[in-house]
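A structural walkthrough
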Amino acid sequence: MTDRTVLIDAGWFVGRWRRHLYAKRGLLARILAGVANGNCDPAKGVRAGRRAIVQDLKYLAFRFRHLGLSSADVIVCYDGTHARQRRGALLETYKANRIMIHPDATEMEAEEIIQSYRASESTIQDMRDHFTTFEFPLSLNDKWSHRYTETHEADDLIADYVVAAPATEQITVVSADSDLVQLLAYPNVQILDPTAGDKTKVLITTEDVVSKYGVTPGDYADWKALAGDSSDNIPGLPEIGGVKAASLVVEHGSLESIPDESFAYGRVSESWRPNLPAHLRAWMDAQTRRDGTAAGDDLVARRHGRLITELAKGESPTRPIRYYQTLIDAEAIPESAVELVDLRPMAMVYRRMIRLPFE
């Protein structure tokens, strides 16, 4: 008989907690607000929080029974408080979109918080404290166990376990984190998404991954490095998108095999940045319609692309070199105003951040 293990990404409970707080009646939120204001017995707050968490645990237990996992070893994996720092050393804006700002903060205070964020120095709240507040053991169940490493995210702990496990061990990963679909490349792994809309089909398969992203689990990291991921604030490459990224990976394979022209980008050269807006403004004003009247900015943008409008405003966006070449061919800007940028190294950094286990 083969071993069976369930690895739970504790981050799933974060989303569930928000659901409980912002439920239609909002009872939990009102009780906890009353506790914070001193208008409600703290014990009542503990009982209310416990009920919400127990509800989630009962749902998982139901799914485990449905999948024949009731007797499996269950391990709850937590994000470490310094877990963002390893990837943050490669990209300082990693998960900057998840910065917690107090609702009473002024616009200036919020801006200062955002500007001062450095992922390589970032710490996050210890979710284990959330459960102990409501009198749960860190394993959430006396029959379960838990794992925590200060410098690792939960998906790193899960991936490290999968890599080290024998091929005979059947592993079920419980998470809604799309990055974990990479682990489906291991034949002994299945993924249970508790947030799946179809309650009769909560297991994610390789076919589901191909259908959704256009690539196999083994190619997911290369695909996401190109397409980007707003949830983790990984930008990907400009003007690529999911469909184009999938076609490049399917046709060419890994980032190393994709042709150089796909990574060839341009931006305004340093020497031209102060003067290019005025140069473009004069050129755009000189453009005419067929009847000889002024073309206007909208028509010029339709003829030559929106990049011309961005440049006229003094911006210097990084765009595929063909966009800049269009303006050079139209003699809107000189060739010397553009410098070439190779974004393959950047894409490979993104892939390193995304690929599990992180190295």
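Each remark here, short or long, concerns the structure printed above.
Nothing here was measured: the structure is a model prediction, and the numbers come from that model.

**Let's talk about the nonpolar core**
In this structure, Ile171, Val173, Leu183, Trp223, Leu226 and Leu237 are the most contacted members of the largest nonpolar core, which totals 50 residues. Contributing elements (two or more residues each) for this core: strand S2 (73-77), helix H7 (154-164), strand S4 (170-174), strand S5 (189-192), helix H8 (206-213), helix H9 (220-227), helix H10 (241-252) and helix H15 (344-354). Residues within four places of Val173 in sequence aside, it is in contact with Leu7, Ile158, Leu180, Leu183, Val189, Gln190, Ile191 and Leu192.

**Comments concerning the environment of Asn39**
As for its placement among the helices and strands, Asn39 is situated in the loop between helix H2 (27-36) and helix H3 (42-66). Taking the C-alpha atoms as reference points, Asn39 and Leu311, 272 residues apart in sequence, are found 57 Å from one another.

**Some thoughts on the side chain of Ser139**
With respect to the helices, strands and loops of the structure, Ser139 is situated in the loop between helix H6 (127-133) and strand S3 (145-147). Apart from residues lying up to four places away in sequence, Ser139 is in contact with Val76, Trp144, Ser145 and His146.

**Some thoughts on a nonpolar patch on the surface**
A cluster of nonpolar side chains, contributed by Ile101, Ile113 and Ile114, occupies part of the molecular surface with about 210 Å² of accessible area. Residue position: Ile101 is located in the loop between helix H4 (84-88) and helix H5 (107-116). Ile101 gets classed as partly exposed once you look at its relative accessible area, which sits at 32%.

**Re the packing of aromatic side chains**
Considering all chains together, one arrives at nine aromatic pairs under this definition. For the pair Tyr220 and Trp223, a centre-to-centre distance of 5.7 Å together with 40 degrees between the ring planes defines the contact as tilted. Linking Tyr220 with Trp223, this pair stays in helix H9, spanning three residues, or about one helical turn. Through a chain of ring-to-ring contacts, the aromatic side chains of Trp12, Phe13, Tyr59, Tyr78 and Phe131 assemble into a single cluster. When the ring centre of Phe136 is taken as reference, the NZ or CZ atom of Arg50 above it lies at 4.4 Å.

**Quick word on the sheet that holds strand S7 (residues 264-268)**
Pairing is antiparallel across the open sheet formed by three strands, whose spatial order is S8-S7-S9. Among the strands making up the open sheet, the edge pair consists of strand S8 (319-320) and strand S9 (338-342). Direction of pairing for S7 relative to S8: antiparallel, over a ladder of two bridges. Across the sheet, the residue bridging to Tyr265 is Pro320, located in S8.

**Structural notes on the sheet that holds S5**
Judged by pairing direction, the sheet is mixed, and its six strands sit side by side in the order S3-S2-S1-S4-S5-S6 without closing on themselves. Strand pairing shows two members of the sheet lacking a second neighbour, S3 and strand S6 (203-204), which therefore form its edges. Sheet topology note: the strand S1 (residues 4-9)/S2 ladder contains five bridges and is parallel. Bridge pairing in S2 places Val6 opposite Val74. Sheet strands touched by H3: S1, S2, S4 and S5. Its angle to S1, the strand with the most contacts, is close to 150 degrees.

**Details of the pattern of salt bridges**
Any two side chains of opposite charge can pair, on the condition that their charged atoms come close. The tally for this structure, following the rule as stated, stands at 21 salt bridges. Residue Arg355 pairs with Asp222 through a salt bridge whose shortest N-O separation is 3.8 Å. Here Arg355 is found in the segment after H15, whereas its partner Asp222 is found in helix H9, with 133 residues between them in sequence. For Arg355, a relative accessible area of 39% corresponds to the partly exposed category. Here Arg319 and Glu239 are joined by a salt bridge, their closest N and O atoms 3.6 Å apart. One end of the pair, Arg319, is in strand S8; the other, Glu239, is in the loop between H9 and H10, and 80 residues separate them in sequence.

**A look at the pairing of S7**
Alignment of S7 against S9, held across five bridges, turns out to be antiparallel. In the strand pairing of S9, Gly266 is matched with Leu340.

**Examining the packing of helix H11 (residues 276-285) against helix H12 (residues 297-304)**
At their nearest, the axes of H11 and H12 sit 10 Å apart, and the two run at 100 degrees to each other. Taken as axis vectors, H11 and H12 run roughly perpendicular relative to one another. Along the contact surface, H11 presents Arg281, Trp283 and Met284, while H12 presents Asp297, Val300 and His304. Its residues assigned to classes, the contact of H11 with H12 comprises three nonpolar, one polar and two charged.

Procedures and definitions
- Residues numbered from 1 in each chain as written.
- Predicted model: local features only at pLDDT ≥ 70, side-chain atom pairs only at ≥ 80, totals over all residues.
- Heavy atoms only, no water.
- Core = buried A, V, L, I, M, F, W, Y, C linked by side-chain atoms within 4.5 Å.
- Buried < 20%, exposed > 50% of the residue type's maximum accessible area, 1.4 Å probe, protein only.
- Helix = DSSP H or I, 4+ residues; strand = E, 2+ residues; numbered from the N terminus.
- Contact = heavy atoms within 4.5 Å.
- Patch = residues over 30% accessible without salt bridge, like charges linked within 9 Å, V, L, I, M, F, W, Y side chains within 5 Å.
- Areas by Shrake-Rupley, 256 points an atom, 1.4 Å probe, with all protein chains shown as cover.
- Salt bridge = Lys/Arg side-chain N within 4 Å of Asp/Glu carboxyl O.
- Phe/Tyr/Trp six-rings, centres within 6.5 Å; stacked < 30°, edge-to-face > 60°.
- Lys NZ or Arg CZ within 6 Å of the ring centre and 35° of its normal.
- Pairing = 2+ DSSP bridges.
- Axes fitted to C-alpha atoms, helices over the stretch in contact; angles between N-to-C directions.
- Parallel < 35°, antiparallel > 145°, perpendicular 65-115°, else oblique.
- Nonpolar A, V, L, I, M, F, W, Y, C, P; charged D, E, K, R; others polar.

From the geometry alone we can't say anything about function, so treat these as descriptive.
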